[in-house]
Every structure is written in C-alpha cells, then in structure tokens.
Amino acid sequence: MLGLGSRIGRLGGGGVGGGNPGDIGVPTLAEDGTISGVGANRLIVVVNETQNTRRTFVVSDGDNLFAIVVEAGFAIATDLIDARLVGSPTPDRPANPPSTPAWLFGSNGLVTGMPAEPAAPTLSAAGIIDGIGQNADCVIHNETTNSYTPVTLSDDQDVFAVGRTLGVLSAGQAVSVQRLGVPSTARVVRTRPGVWVPDAHFEVAALSTPAGNRLLLTILEDRPSNGGSPLTAIWYTVNGGAPINLPSLNPGQYQIPVPVGAAAQIRVGATNSLGDSNPSAAVTRTPVKAFVALTFPRIGLIGPSTIAQNNFGAVYTAAGTPGRVHSLSSGPLIWALMQERIADFRVRPQVPAGSFDPFMDGDNQARSGARATEYPAQIQRLIAEMSSANGNWGAWYEVGRNDSESGTGSFAELRSYTERDVAALRAGGAKFILISQLWDKDTSYSALWAAGGTARVAMQQYRAWLETYEAENPDIILVRYSDVLRDPASADGNPYSWVTRTDGTHYSAIGARRAAKLAVLPALRKVARPRAYPARPAESLLPALTGTAGTRGTGVTGVVSDGWNLAGNNLLVVAGSVETINGEQYQVVTVSGGDDLSATGGALIDLSRPAGIVVPAGQRVKLRGRVIIPATTFPYALSFGLGGTGGQGVDNAARSYAVIPQTQSSGPAVVTAANATWAAAPKYDGSEDQELWFETPSYVEGNASGGAIALTLGVYLATAPNAAAAFVMKVGQLQTFNA
C-alpha cells in the first residue's frame, strides 16, 4: 500500500530511506505524536494493528505522526499503531543482514533504542530475494514509479511475481527491496477532538429572560470523537469571539450570555490534551426579553360588546342618569377576578342622554357594536383613565366579529387593526396586552360563518397569525377562547352549545364561567401576580359579623347575625346558622324543597343589612365580600347591591353588582324578581363548587346630606330537580373600602 497525499509527494528517488547507519540518528516521539531526531524525509512503515494494515510514510523532524496517519485516512483516533524504520535498498553486491535491535517507545512516550539500518538483502537478476530468512517484513520499492509497498517476504521468493500479484510492478520497471527494522512499541493514535455538529451534538434556543441577554445551549448525550484523549473542556463562541468554557463536561442545559436583543452566532467545540477542535457551524438565535409580571395591575378593555359585557346590564331609571346601571358579571373577566384577586378593574356606569344603551366608563372603554375604526378613540380614553395607575396597567383587546360581518374584517384588515392598536397602547404605557383568540360562530348563524364563509376563513387566518404574533412579542398574551370553547365533536369547529346566549354571540352564564377558568385566568397569570385580600380596613362601614340576634323573615328558621335580615320564601325551607371560617363569623343559608318552585319558576332569598350604612358626603365606597357555595343541583344566580332601596341604588348614590341574572337578549337586562322573565333567564347550573371574592368595580358616592344606604345579597333560585335538593351559601368578610 502506498503513502497518500502530500506525504507521498515528498518522496525522493531510489535512495530515499537508504544511507549509512550513522545517518539515522536517535528520533524522539513526544506524547502528542511529534517526531524529532530523524532529519528530513525519512521513510518508515506504519502498521495499524487495529485494522491489520500497513503503509509507508515519509516523515521529518517536527512532524506529528498521529496527524499524518489520520490525514491519510490510514488510522483513526484510538487505533493501535506501531512504526518501523526502513533499511537500505538491495545493492549490486549482496551482504548478509545483521540482526537489528528493537526500536522501542519508552514509558514516557520517547523513542529509545533506535537501531542501525538493517543490512540490505540481495535480489538476483531473476528477482529472487535472499538474505532475509523466513517471513521478513520488507518494502518493495518500484524505482520507476517511485512507490513503496510493505510486504512480507522469505528467502528464495520471486519478488517480481509478488509485485505483479499485488499490482505494484509491471514488466520493464526497476525494483529494489528494503528490509524493516524491529517494530516500535505500539501506541494508540490521538488527535484533537472531532467537529461538533448542530442538532446532532448540541442545540441552541432563544431564551426569554427579564434582561433579554441569554440563550439556552443544550449539550446532547451524543457527541463527536474525543480524539482518543479525554476532553478537558467544552466551549462555545459568541459572534466569533474567544472560546468560553462551559462549567461542566456533562450533557445538559446551559444559559449563555449574549448581546441584548440582538441575533447571536453560536459555535461549539471541545478541547483535549492535543488542543482544540475546529469550531462547529454557526447557529444563529435571538434572545427574548421576558415580560415581568406586574403585581395587581389595572386592566382596561378595548373592543365591542363581547368584551364590554363584562360588567353592565340594561337597568336604569332614565336616559341621561347613571342611576340603576348594574355591574353585571356575565362576562369572563369578572368571573376570573372573583376566583382570583389578580387584577384591579375600576368602572363607572353611564347612560348617555337620549339613549337607552348604558355603557361603562373608566377601565372599560369597550362599546356595544364597536368596529375597529372606533378603537383609536377608545384607546385614547383608556390611556387618559390609566394616568392614575402609575404605570401598573395593561389592556385587553378584542377585534374581529363586527368588522367581519360588516365587510371590513378580512384577515389583512384584522392584522392591520391589531398592529395599529397594539402600537398605540404600548405608546400610551400599557405594560401588557391580552388579545382575544375568538372562536368562530356556529355555522348556522349566517352564510358569513358557514364552512368556507368569509368571516370564518378570516377569523381562522387571524388566529393562526396571532400564534406567531404572541411568540414574537413577550408583552402579548392570547386569551385562548377558541382553544377551550370549540366543541371537538363539531367537524366545523363550532363552539359548545352552552357558550352563548340564544343570540349566538354573547356569553351565557356557564360560557363566561368556563371561559374565565380555562382561558382568562391562565392568560392573566402570565402577566400579573395576585394580591391577597386585605384585612378589614379601618374605614370599613361594615363591621365583622357577630352574634345571632338578627331578624328572620317568614318561613326562616335558625339564627341570623346581628343587624342582618334573612328573608325566605314560603315555598322553600330556609334555615340560618353561623360558622367561623378563618377566624371570622360567616352567615350560612341552607335551602331545600326546590321542586315546589315549578309553579312560579323561581324564588328570591335576601340577606340584607337595612338602611343605616352612612356614607359621608363625597366619600366613595366599594363593597367586598366572600361567598362559598358547594356544588348543588339548584340552578341559581346571585346579586350584590350597595346603595338605596333594595340595594339596587337610586340616582348617582348607588351601584350594584350582579352575578349571572341576565336575560337572553344581546343587550341583557338584570333580572330582579322571581317572575316569568326570571324563569326564562339563563342561570348557573351549580355543577361546580364556587368560592368567590366579589369586589364591586364601581363605587357609591355619599350625597350632600350624607344619606344612609343599604346592602342586599340576593340569591335567585330556580326549580330544583327534586325535594331532596339542597342549596348552601356561606357569606362573610363583608366590608366596604374607599375607592
């Protein structure tokens, strides 16, 4: 076999490898494979004992034998090799070869005992070799082509025939034979480590951190050759800079610092005792600046009725008077905030003059029927409202259906509206922006929402784009309505039947409750940290519940807390009791006999504190409390009122808060009596335990004379499936606090 590559190109003529014994010198092989003491262009044979192959090479002082054999493809790291010196070529006159001492590697890796060149064997004119004994290691030198082939020969063997058989000699070519010395001690080939390959040996991912200056480098289990020598370091470079060692050689994940917010090129390599590997191919990634959650931020609403109906109902005294506009929690946001005190939401009910369409002001700037052309004005009003939030606020944005149904809601338009409005909210100081991932309306709603309809297709394209938009912007969080409210049994991706009221658009009681639990709260938890409900403030106009001397209404048994009234219904069995929870007294109301309500459709049970809560003139107070209702077969609804007569409020001195009792219409009215309207209204089915902290988003302002107000908590019960049905409600920690 022939030496390869540049090493063969350095071979001389027929005298290469010859010379007198004194020309050999004493070579040294260092531990890194470097040869010295051999002079220039010395011929040796390297035997690969692992692969059972031999090849000639020419080496000079300073060459690295490990690198030479690896470059030639003759050996790989961890192959076992030995080297043998080549003697003089056959002369015109034969001489008997002397015995040759061993050429040995010392334990320190140095070559010792370098033999003199073996005496040359004889080669007759007929090609018969002599003077080598049996099975001697030799080299056939084709003088014509200047090529060398290691062979094993014996006395009287025909060298011409051997060469022709091996394909290294042809007729008319001159040939000589050189004998090999005793082999060196075998050594394991070592090289620098192999090149690391992205995705095969390591991975680099963008990492979201508050500073936006980290990437995640993962070192995988599989890795390239260590070059036959244990690794001493695994390193990386950033944008072609100096190598930086990882703290461990183990597989695992490592955060690596990079320039803030800029794309960075990462290369990986390793080091062993022979040096560094070549660096890997570059992997380019951009770090992400993570959003840092805010503690109890204010949240403002931008959009149409489907987001506006988080807190209002159409009950009022007259156009132009704020009056009896209820804070109706039929929407998912209020449900979410009752389950976890994770955001602050402040509103003021309004009824514009000459209109019977009440709306909310303050943190809710969404409007019924709004299209995206109206959103810039909503945003500017919200920014003005949030000037008092000290930068601790975010927005919830919803666009889509009104524009899609009005011919201005193609995917391109929805995307354009979103990018425009997000930019405006950011410029106004919003620290985060929730965006509704809206579900498609039922295919039966209209041709626009039929399979393949323009509104449906646009909404699907918009949702797909929102996924990318969220991934690219840490301050954008999707409220994943479509993911949790789409019925998997529907081939067309329609929502569950219980998601909306009969109008097919606005949330039902159950739809809002489940949307809050499955979509709204998970989104809020990514951007906000909750704040514990505070202890009763010193300014509370309501003391803690105490005693058992309160008033029982007709048909009520048991006890009622001091200063409170519990009014029942003759068709139901109502009992009052008290219970201490977390060190504070709660009023417990237990109801049974629900099947007796079938004739009337429902009944109202009131827990109230009569007029006597004095609000000083100009003072603004809000109501807070806790309600615990275990799962029940009673369909029910709740309302909480802080205000005038019946707790529903009069003029501008009262606001109330309602949970669930609204009619089926698109503009829902709050139901305040167990009548035919109540019988037809959607009610919560009671199928889940409820532990709600209600906190009115609007306030009561004391009038000039410092009038007294009342508090009423109403429980609206529908017909239960049987007389054994029971409803239990525990109410406590009722308190007012200054707005």
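None of the values given here were measured: they were computed from a predicted structure. (Residues numbered from 1 in each chain as written. Predicted model: local features only at pLDDT ≥ 70, side-chain atom pairs only at ≥ 80, totals over all residues. Heavy atoms only, no water.)

So, on to the overall build of the chain. Regarding its fold elements, the chain presents twelve helices and 45 strands. Burial status across the chain gives 52% buried among its 739 residues. Contacts spanning at least 24 positions in sequence make up 70% of the contacts within the chain whose residues lie at least 6 apart. (Helix = DSSP H or I, 4+ residues; strand = E, 2+ residues; numbered from the N terminus. Buried < 20%, exposed > 50% of the residue type's maximum accessible area, 1.4 Å probe, protein only. Contact = heavy atoms within 4.5 Å.)

This part takes up the side chain of Arg624. As for its position among the elements, Arg624 is in strand β39 (residues 620-629). The buried category is assigned to Arg624, whose relative accessible area is 3%. Looking at Arg624, its side chain comes within polar contact range of the side chain of Gln735, at 2.9 Å. When near neighbours in sequence (up to four residues on either side) are disregarded, Arg624 contacts Arg341, Tyr533, Pro534, Phe694, Glu695, Gln733, Leu734, Gln735 and Phe737. (Polar contact = N/O pair within 3.5 Å; in protein donor to acceptor, adjacent residues only side chain to side chain.)

Summarising burial for strand β25 (residues 298-302): five of the five residues are buried, a large majority. Residue alternation in β25 divides its side chains into two sets, Arg298, Gly300 and Ile302 and Ile299 and Leu301, and both sets are buried.

When two helices pack together, their arrangement is captured by the angle between the axes and the distance separating the axes. Here helix α8 (residues 411-427) crosses helix α9 (residues 454-472) at 40°, and the two axes come no closer than 8 Å. In terms of axis orientation, α8 runs oblique to α9. For α8 against α9, the interelement crossing comes out right-handed. Across the interface between the two elements, Phe411, Leu414, Arg415, Thr418, Glu419 and Val422 of α8 pack against Ala458, Gln461, Tyr462, Trp465 and Tyr469 of α9. (Axes fitted to C-alpha atoms, helices over the stretch in contact; angles between N-to-C directions. Parallel < 35°, antiparallel > 145°, perpendicular 65-115°, else oblique. Left-handed = near helix turned anticlockwise from the far one by under 90°.)

Moving on: the confidence of the model for the chain. Confidence in the prediction of the chain, expressed as mean pLDDT, is 81, and 79% of residues score 70 or more. Predicted confidence is poor over residues 312-329, with pLDDT under 50, and the contacts of this stretch with residues over four places away or in other chains come to 74 contacts. Low pLDDT, under 50, characterises residues 351-358; the stretch is placed with 24 contacts to residues that sit more than four places away or in other chains. (pLDDT = per-residue confidence, 0-100.)

As a further point, take helix α3 (residues 159-166). Within the span of α3, buried status applies to Val159, Val162 and Gly163. Buried positions in α3, seen along its axis, are confined to an arc of 95° and lie on one side of it. For α3, the exposed residues lying more than 90 degrees away from the buried face are Arg164 and Thr165. Capping the start of α3, Asp158 holds a side-chain oxygen 2.9 Å from the backbone nitrogen of Phe160, two or three residues further along. Where α3 ends, the next residue or the one after it, Gly167, has phi of about 80°, a positive value. (Arc of directions from axis to C-beta.)

On to the sheet that holds strand β31 (residues 476-479). Read from one edge to the other, the open sheet built from four strands follows the order β25-β29-β30-β31, with strand pairing classed as parallel. Pairing within the sheet leaves two strands with one partner each, and these edge strands are β25 and β31. The sheet shows a mean angle of 25° between the axes of neighbouring strands, direction not considered. Note: strand β29 (residues 393-397) against strand β30 (residues 433-436), three bridges, orientation parallel. Note on β30: the bridge partner recorded for Tyr397 is Ile435. Each of β25 and β29 touches helix α6 (residues 375-385); the most contacted strand, β25, lies at about 160° to it. Those strands touched by α9 are β29, β30 and β31, and its axis lies near 145° from that of β31. (Pairing = 2+ DSSP bridges.)

With antiparallel pairing, three strands are arranged side by side in an open sheet as β14-β16-β19. The open sheet has two free edges, formed respectively by β14 (202-206) and β19 (252-257), since each of these has just one partner strand. Going from strand to strand, the sheet's axes swing by 25° on average, the running direction of each strand aside. Inspection of the sheet shows β14 paired to strand β16 (residues 214-219) by five bridges, in the antiparallel sense. What sits directly across from Glu203, in β16, is Thr218.

Within the largest apolar cluster, 106 residues are counted, with the highest numbers of intra-cluster contacts made by Trp396, Leu434, Ile435, Tyr481 and Met729. The element best represented in this core is helix α11 (residues 509-527), accounting for ten residues. (Core = buried A, V, L, I, M, F, W, Y, C linked by side-chain atoms within 4.5 Å.)

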